[in-house]
Amino acid sequence: VVRIAKKKMKRHGGTANRVEKKYGVPKELLFTIWGLETGFGNFNGNKPIFQSLATLAYDCRRTEFFTAELVAALTIVERGQIPLSQMKGAWGGEIGQTQFLPTRYVSSGVSFDGDRKVDLYRSVPDVLASTANWFAQNGWRRGQPYGEGTANYRIIQKWNRATVYQRTIAKLSQEMGA
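Residues numbered from 1 in each chain as written. Predicted model: local features only at pLDDT ≥ 70, side-chain atom pairs only at ≥ 80, totals over all residues. Heavy atoms only, no water.

Chemist: Would you mind going over the packing of helix H3 (residues 27–38) against helix H7 (residues 124–137) with me for this structure?
Modeler: Between two packed helices, both the angle of their axes relative to each other and the distance between the axes serve to describe the pair. The geometry of H3 relative to H7 is characterised by a closest axis approach of 10 Å and an angle of 110° between their N-to-C directions. By the angle class used here, H3 and H7 are roughly perpendicular. Between H3 and H7 lies a crossing of right-handed hand. Each of Leu 29, Leu 30, Phe 31, Ile 33 and Trp 34 in H3 lies in contact with H7, whose residues at this interface are Val 124, Val 127, Leu 128, Thr 131, Ala 132 and Phe 135. (Axes fitted to C-alpha atoms, helices over the stretch in contact; angles between N-to-C directions. Helix = DSSP H or I, 4+ residues; strand = E, 2+ residues; numbered from the N terminus. Parallel < 35°, antiparallel > 145°, perpendicular 65-115°, else oblique. Left-handed = near helix turned anticlockwise from the far one by under 90°. Contact = heavy atoms within 4.5 Å.)

So this is what it looks like as structure tokens:
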């Protein structure tokens, strides 16, 4: 991931620098997440989002959580932000290249490529800026470390609940910055 992420950072350096300047989230962190989530957009998922979310909402373990995601997905389509035919993603209803849940798309999705449409499937500027925006909205501290035990690490923990994933994000991001 680190080797490919460094190549991608070179290719999208201008955008990455503008995103980092605006939101204060290190580009290394954004490229690590992008690589881990979908292999830099190579596999965003192909499952129908509504089917996934409806099934998960029906399953009583996290009904409230996934019902909110289902409502947010309906909101996205109702607003015309993503056509129903394109609402495909991972098994848990995630959208796009950094696997935003629908509530994250609604609350944090931004258009950064100038077309005023949030496209987390095809627009690298939108993907990076939306991901950075989510971190900023959740309390990311600009210029502060993000290793285990830091305030910023707690934001990484909000991104994904899996401990091994949290540690991987922090470690690979730090390796890329070295």
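Chemist: Explain empty space enclosed by the protein to me, please; I cannot follow it from the model alone.
Modeler: Take a probe with the size of a water molecule and roll it over the atoms, and the empty space left behind shows itself. In the structure shown here, the tally under the stated rule is one cavity of 30 Å³ or more. When its volume is computed, the largest cavity comes out at roughly 40 Å³. Taken together, Gln 81, Ile 82, Gln 86, Lys 117, Val 118, Asp 119, Tyr 121 and Arg 122 form the lining of the largest cavity. When grouped by side-chain class, the residues that make up the lining of the largest cavity number three nonpolar, two polar and three charged. (1 Å grid on protein atoms, 1.4 Å probe; cavity = no way out; pocket = protein on both sides within 12 Å on 5 of 7 lines; lining within 4 Å. Points joined across faces, edges and corners; volume = space filled by probe spheres on them. Nonpolar A, V, L, I, M, F, W, Y, C, P; charged D, E, K, R; others polar.)

Chemist: Sorry if this is basic, but what is going on with the packing of aromatic side chains here?
Modeler: In this description, a pair of aromatic rings is defined by centroid distance and the angle of the planes. Using the criterion set out here, one finds nine aromatic pairs in the structure. Taken together, a centroid distance of 4.8 Å and an interplanar angle of 90° make the contact between Phe 65 and Phe 66 edge-to-face. Ring centres of Trp 140 and Tyr 146 lie 5.6 Å apart, and the angle between their planes is 45°; on these two criteria the pair is classed as tilted. Under the relative-accessibility criterion, Trp 140 is labelled buried at 8%. (Phe/Tyr/Trp six-rings, centres within 6.5 Å; stacked < 30°, edge-to-face > 60°. Buried < 20%, exposed > 50% of the residue type's maximum accessible area, 1.4 Å probe, protein only.)

Chemist: What is the right way to look at the layout of surface pockets in this model?
Modeler: Size it by volume and the largest pocket reaches roughly 600 Å³. What lines the largest pocket is a set of 21 residues, and nearest its centre among them are Arg 62, Phe 65, Phe 66, Glu 94 and Leu 101. Among the residues forming the lining of the largest pocket, the class breakdown is seven nonpolar, five polar and nine charged.

Chemist: Can you help me understand the pattern of salt bridges in this one?
Modeler: When charged atoms on two side chains of opposite charge get close, those side chains can pair. Going through the model one piece at a time under the given rule, you end up with five salt bridges. Taking the shortest distance from any N to any O, the salt bridge between Asp 59 and Arg 61 comes out at 2.4 Å. Note that Asp 119 is salt-bridged to Arg 122, the shortest N-O span being 3.4 Å. On the basis of relative accessibility, which here comes to 13%, the residue Asp 119 falls in the buried class. Judged by its relative accessible area of 54%, Arg 122 is exposed. (Salt bridge = Lys/Arg side-chain N within 4 Å of Asp/Glu carboxyl O.)

Chemist: Can you walk me through the packing of helix H2 (residues 13–23) against H7 in this structure?
Modeler: The interhelical angle for the contact between H2 and H7, taken along N-to-C directions, is 20°, at an axis separation of 10 Å. Classified by the interaxial angle, the pair formed by H2 and H7 is roughly parallel. For the pair H2 and H7, the crossing hand works out as right-handed. Listed contacts from H7 to Thr 15, Val 19 and Tyr 23 of H2 are Pro 125, Leu 128, Ala 129, Ala 132, Asn 133 and Ala 136. Here the contact of H2 with H7 is built from residues that sort into seven nonpolar, two polar and no charged.

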